[in-house]
Amino acid sequence: MSWPLVSLKDCCTVVGGATPKRNVPDFWSTEDVPWVTPKDVSNLETPELPDAPEYISRAGYESCATYMLPQGTVLLTSRAPIGNVAIAGRSMCTNQGFKSLVPGEDVDSIYLYYCIRHLAPNLEALGNGATFKEVSKKVVENFKIPLPPLEEQKRIAAVLDKADALRRKRQQAIQLTDTLLKSVFLDMFGDPVTNPKGWEVCKLEDVAEIRSGITKGRKTKDKELVETPYMRVANVQDGFLNLDNIATIPATKSEVLKYLLKTEDILLTEGGDPDKLGRGAVWNDDIPDCIHQNHIFCVRLKEEAGFKAEYVRAVIGSPYGKRYFLRAAKQTTGIASINKSQLRNFPLLVTPIDIQMRFQEVIQKHKEDLDCQQGHLRKLDSLFASLSQRAFRGELTAKDEAA
């Protein structure tokens, strides 16, 4: 069975928003009216937005074309980006980045939330704009959704909400393991910012060799090139390597030897957003004969130096490390980058090797737990996607509901 397709204007009221003038203090002087922007509905842990992070005054509300939306409204972003949704947990208004949906009497809010979330890529494809894409009120009003009877909507919403809650719990468990790992580091070594255990400090260049990688588009005299896998900035995340997409680059044999990665090399990105400074991960020979690009530094510890890679990576990626890089980095228009000299001068705390080895064991156990949890999360993501597709095609069965 497939559900009838209904335009949003025929089952909801589509409502925009606005922003009071920022340069009029009276519009922002009192917290009279909850007011929401698109960033407030990104990365929510639950479907509902219980309250607005920001308020405007009554005078501000009356000065612009924003409207009070009732509790249960589906807040839908129409730009930057298109298609983020949340359910208003109380009456609130929005800025101009929304085309919110006030459900009619035959529409369930939770069903509408999951339906729009599922169809968001289709809505985004209808966006226009040179600087950033946006969908107009008319486009949203004419956008069609499958709309079963109200009781069936509630049944679908209950099934999807249950599956989505399982995903959120798994995501929270993953975040908790990361938090615990940071606590273990502080317990073993103390906070590097205050250095309560009085560790000595050395320069990173005293204990490691540091190099940049291969450059795309360079000219090579040697015509014998080999397609070689290489690590890009997208692969190097904060504490782990994302190996889902591995690119290759033509390289000479001498270049492969020069940039070849070895077990326990530390890979660090040279910059990007300021809060991404110090982002890095340890290479564990995950891909044979792999090299790295020039926007990634390779830090190779000297054997005689008495340091373990996971410890050094953790110090560099800690608030202590990020603070150093923010002071040292070159910053232009929101982009920050570090060079090899700044990395060489990084002040590294000299801690006992036996404690570093115990920390390395903790890291290994953490990675095993994380792999397991991420595997479960991928299965739950797949289950939720499958349920959503069948639900909105009218194919959800009683067996799905029981599961």
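Bear in mind the structure is a predicted one, so any value in this text is a computation, not a measurement.

Participant: Which parts of the structure should I look at to understand the pattern of salt bridges?
Facilitator: When their charged atoms lie close together, side chains carrying opposite charge are able to pair. Taken as a whole and judged by the stated rule, the model has 16 salt bridges. With a shortest N-O distance of 3.6 Å, Arg-90 and Asp-51 are connected by a salt bridge. In this pair, Arg-90 sits in the loop between strand 7 (82-88) and strand 8 (93-94) while Asp-51 sits in the loop between strand 4 (48-49) and strand 5 (54-56), placing the two residues 39 residues apart along the sequence. We classify Asp-51 as partly exposed; its relative accessible area is 31%. Between Arg-218 and Glu-255 there is a salt bridge whose closest N-O contact spans 2.7 Å. Remark: Glu-255 occurs in helix 6 (residues 253-259) and Arg-218 occurs in the loop between strand 12 (208-211) and strand 13 (226-231); sequence separation between them is 37 residues. Given the relative accessible area of 25%, Arg-218 is considered partly exposed. Judged by relative accessible area, which is 14%, Glu-255 ranks as buried.

Participant: What should I look at first to understand the layout of surface pockets in this one?
Facilitator: Over the atoms a probe the size of a water molecule is rolled, and this reveals where empty space is left. Estimates place the volume of the largest pocket at around 1300 Å³. Looking at the lining of the largest pocket, the elements with two or more residues in it are helix 4 (150-189), strand 17 (280-282), helix 7 (309-317), helix 8 (319-328) and helix 10 (353-393). Among the elements that make up the lining of the largest pocket, the one with the highest residue count is helix 10 (10 residues). Residue classes in the lining of the largest pocket are distributed as 18 nonpolar, 10 polar and 12 charged. Quantified by volume, the second largest pocket comes out at close to 470 Å³. Secondary structure elements with two or more residues in the lining of the second largest pocket: strand 7, helix 2 (109-124) and helix 4.

Participant: Explain helix 7 to me, please; I cannot follow it from the model alone.
Facilitator: Side chains of residues three or four places apart in an α-helix project in the same direction, reflecting 3.6 residues per turn. Within helix 7, 9 of the 9 residues are buried, which leaves the element mostly enclosed by the surrounding structure. When we look at burial in helix 7, the residues that qualify are Ala-309, Glu-310, Tyr-311, Val-312, Arg-313, Ala-314, Val-315, Ile-316 and Gly-317.

Participant: Looking at this model, I keep getting lost on the nonpolar core. Mind explaining?
Facilitator: One recurring pattern in soluble globular proteins: nonpolar side chains tend to sit buried together. Counting residues in hydrophobic clusters, the biggest one holds 37 residues, and the most contacted among them are Leu-204, Tyr-311, Val-312, Phe-346 and Leu-348. No other element matches the 6 residues that helix 7 contributes to this core. Excluding residues that lie within four positions of it along the chain, Phe-346 makes contacts with Cys-202, Lys-203, Leu-204, Val-315, Ile-316, Tyr-320, Gly-321, Tyr-324 and Phe-325. Among the nonpolar cores identified, the runner-up in size contains 36 residues, and Trp-3, Leu-8, Val-85 and Cys-115 belong to it.

Participant: I keep staring at the state of the cysteines and nothing clicks. Help me out?
Facilitator: Note on terminology: a disulfide is the covalent bond linking the sulfur atoms of two cysteines. Applying the stated rule across the entire model yields 0 disulfides. The thiol sulfur of Cys-202 is not disulfide-bonded, and the nearest other cysteine sulfur, from Cys-298, lies at 18 Å. Residue classification places Cys-202 among the buried positions, given a relative accessible area of 16%.

Participant: Sorry if this is basic, but what is going on with unusual backbone geometry here?
Facilitator: Generally, phi is negative for residues other than glycine and the peptide bonds are trans, each holding for most cases. That bond from Ala-80 to Pro-81 is cis: its omega, -5°, falls within 30 degrees of zero. Here Pro-81 lies in the loop between strand 6 (74-78) and strand 7. The backbone of Ala-80 sits at a positive phi, close to 45°, despite the residue not being glycine. With respect to the helices and strands, the residue Ala-80 is situated in the loop between strand 6 and strand 7. Owing to a relative accessible area of 53%, Ala-80 belongs among the exposed residues under this scheme.

Participant: Which parts of the structure should I look at to understand the sheet that holds strand 12?
Facilitator: Sheet strands line up and pair through hydrogen bonds in the backbone, either parallel or antiparallel. Across the sheet, 4 strands lie side by side as 12-19-15-17; this open sheet has antiparallel pairing. The open sheet has two edge strands with one neighbour each: strand 12 and strand 17. Sheet twist, expressed as the average angle between the axes of neighbouring strands with direction ignored, equals 20°. Sitting on the sheet, helix 7 touches strand 15 (266-269), strand 17 and strand 19 (296-301), and the angle it makes with strand 17 is about 175°.

Participant: When you look at the pairing of strand 6 in this model, what are you seeing that I'm missing?
Facilitator: The side chains of a regular strand alternate between both faces of the sheet. Most of strand 6 is tucked away, with 5 of its 5 residues classed as buried. Going residue by residue along strand 6, you find Val-74, Leu-76 and Ser-78 tucked away on one face and Leu-75 and Thr-77 tucked away on the opposite face as well. Bridge count between strand 6 and strand 7: 4 bridges; the pairing is antiparallel. By the bridge assignment, Val-74 is partnered in strand 7 with Ile-87.

Participant: Honestly, the sheet that holds strand 16 (residues 271-272) in this entry has me stumped. Any pointers?
Facilitator: Read across the open sheet, the 3 strands follow the order 16-21-20; overall the sheet is antiparallel. Of all strands in the sheet, those with a lone pairing partner are strand 16 and strand 20 (330-332), marking the two edges. Examined bridge by bridge, strand 20 and strand 21 (residues 335-337) share 3 bridges and lie antiparallel to one another. When the bridges of strand 21 are listed, Lys-330 appears paired with Ser-337.

Participant: What is the right way to look at the confidence of the model for the protein chain in this model?
Facilitator: Close inspection of predicted coordinates is inappropriate for parts of the model with low pLDDT. The share of residues in the protein chain with pLDDT of 70 or more is 98%, and the mean pLDDT across the chain is 92. No element of the protein chain has a lower mean pLDDT than helix 11 (residues 398-402), which averages 63, and none a higher one than strand 9 (residues 100-103), which averages 98.

Participant: Just checking my understanding: could you explain the packing of aromatic side chains for this structure?
Facilitator: The geometry of an aromatic ring pair comes down to the distance between the two centres and the angle between the two planes. Throughout the structure, instances matching the rule amount to 14 aromatic pairs. With a centroid separation of 5.3 Å and 90° between ring planes, the pair formed by Tyr-324 and Phe-346 is classed as edge-to-face. Separated by 22 residues along the polypeptide, Tyr-324 in helix 8 and Phe-346 in the loop between helix 9 (340-344) and strand 22 (347-350) bring together distant segments of the chain. Each residue in the set Phe-185, Phe-189, Phe-307, Tyr-311 and Phe-359 is aromatic and connected to the rest through ring pairs, giving one cluster. Positioned above the aromatic ring of Trp-28 is the side chain of Arg-22, whose terminal nitrogen or guanidinium carbon lies 3.9 Å from the ring centre. Geometry around Phe-384 places Arg-167 over its ring, the cationic atom sitting 4.6 Å from the centre.

Conventions and cut-offs
- Residues numbered from 1 in each chain as written.
- Predicted model: local features only at pLDDT ≥ 70, side-chain atom pairs only at ≥ 80, totals over all residues.
- Heavy atoms only, no water.
- Salt bridge = Lys/Arg side-chain N within 4 Å of Asp/Glu carboxyl O.
- Helix = DSSP H or I, 4+ residues; strand = E, 2+ residues; numbered from the N terminus.
- Buried < 20%, exposed > 50% of the residue type's maximum accessible area, 1.4 Å probe, protein only.
- 1 Å grid on protein atoms, 1.4 Å probe; cavity = no way out; pocket = protein on both sides within 12 Å on 5 of 7 lines; lining within 4 Å.
- Points joined across faces, edges and corners; volume = space filled by probe spheres on them.
- Nonpolar A, V, L, I, M, F, W, Y, C, P; charged D, E, K, R; others polar.
- Core = buried A, V, L, I, M, F, W, Y, C linked by side-chain atoms within 4.5 Å.
- Contact = heavy atoms within 4.5 Å.
- Disulfide = S-S within 2.5 Å.
- Pairing = 2+ DSSP bridges.
- Axes fitted to C-alpha atoms, helices over the stretch in contact; angles between N-to-C directions.
- pLDDT = per-residue confidence, 0-100.
- Phe/Tyr/Trp six-rings, centres within 6.5 Å; stacked < 30°, edge-to-face > 60°.
- Lys NZ or Arg CZ within 6 Å of the ring centre and 35° of its normal.

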